Amino acid sequence: MNDKVIRGSTIIPGLRYRDAHAAIDWLCKAFGFEKHAVYENEHGRVMHAQLVHGGGMVMLGEVSPDGFGEYIAQPDEIHGRETQCACVIVSDCKAHYERAKAAGAEIVEEYAEKEYGGAGYACRDPQGHLWWIGSYDPWQVA
């Protein structure tokens, strides 16, 4: 299969948070995401949110013990481990690193220039999810 590259994200990471409102606020402040859409239920719980960063997007919602949520564990339930993480491409990785640290991100891999090009670091958000942030853009022709 050889799908054409289209504008916008065709693969969008999905995350669950115990406090989705806090996660949205922190991701916007610390990582520079912008709210695209936030849908709440009648009790004010986030059922579905879309946050954008450049041409990318993540979707998130509240932890739920039923439906699709029963297949997703939270990092603190599995000793802080993850089976995947979202990668965010930024133009100024060093400035992003400083911003995330100032916002309280737990740095798990310090900022470093990479042999393959660009720079990067890894961190956890306040609810334990793992993120890789880097300036290497695999879509750019070398």
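Structure's up top.
All residue numbers here refer to positions counted from 1 along the written sequence of the relevant chain. pLDDT decides what is reported in this predicted model: residues at 70 or higher carry local features, side-chain atom pairs at 80 or more are listed and counted, and totals for whole chains, interfaces and linings draw on all residues regardless. With hydrogens and water stripped out, all remaining heavy atoms of the structure feed into the side-chain values.

A. Main features of the nonpolar core. Among the nonpolar cores identified, the biggest contains 30 residues, and Leu 27, Phe 31, Phe 33, Leu 51, Leu 60, Tyr 121 and Trp 131 are the most heavily contacted of them. Counting only elements with at least two residues in this core, the list comes to strand 1 (14–17), helix 1 (20–31), strand 3 (46–53), strand 4 (56–62), strand 5 (86–89), helix 2 (93–102), strand 7 (119–124) and strand 8 (130–134). Numbering of helices and strands runs from the N terminus; a helix is a DSSP stretch of H or I covering at least four residues, while a strand is a stretch of E covering at least two. It is helix 1 that contributes the most residues to this core, eight residues altogether. Put simply, a nonpolar core is a bunch of buried Ala, Val, Leu, Ile, Met, Phe, Trp, Tyr and Cys residues held in one set by side-chain atoms that sit within 4.5 Å of each other. We call a residue buried when its accessible area falls under 20% of the maximum for its residue type, exposed when it is over 50%, and partly exposed in between, using a 1.4 Å probe and counting protein chains only.

B. Up close: the sheet that holds strand 6 (residues 106–113). What the four strands build is an open sheet, ordered 5-8-7-6; its pairing is mixed. A single partner strand is all that each edge strand has here, and the edge strands are strand 5 and strand 6. When the angles between neighbouring strand axes are averaged without regard to direction, this sheet yields 15°. Pairing analysis gives four bridges linking strand 5 to strand 8, with the strands arranged parallel. Its bridge partner lying in strand 8, Val 88 is registered against Ile 133. Two strands are counted as paired when DSSP detects at least two bridges linking them. With axes taken as lines fitted to C-alpha atoms, and helix axes fitted only over the stretch in contact, angles between N-to-C directions fall between 0 and 180 degrees.

C. Structural detail: the side chain of His 96. By secondary structure assignment, the location of His 96 is in helix 2. Overall, His 96 belongs to the buried group, its relative accessible area being 7%. Any two residues whose heavy atoms approach within 4.5 Å are treated as being in contact. For His 96, the residues in contact, after removing those within four places along its chain, are Ala 30, Phe 31, Val 90, Tyr 121 and Ile 133.

D. Representation of the state of the cysteines in the model. Cysteine sulfur atoms are paired as a disulfide whenever they fall within 2.5 Å. According to the stated counting rule, one finds zero disulfides in the structure shown. Counting only cysteine sulfurs, Cys 123 is the nearest neighbor of Cys 28, a cysteine outside any disulfide, at a range of 15 Å. For Cys 28, a relative accessible area of 18% translates into the label buried. A relative accessible area of 0% means that Cys 123 is categorised as buried.

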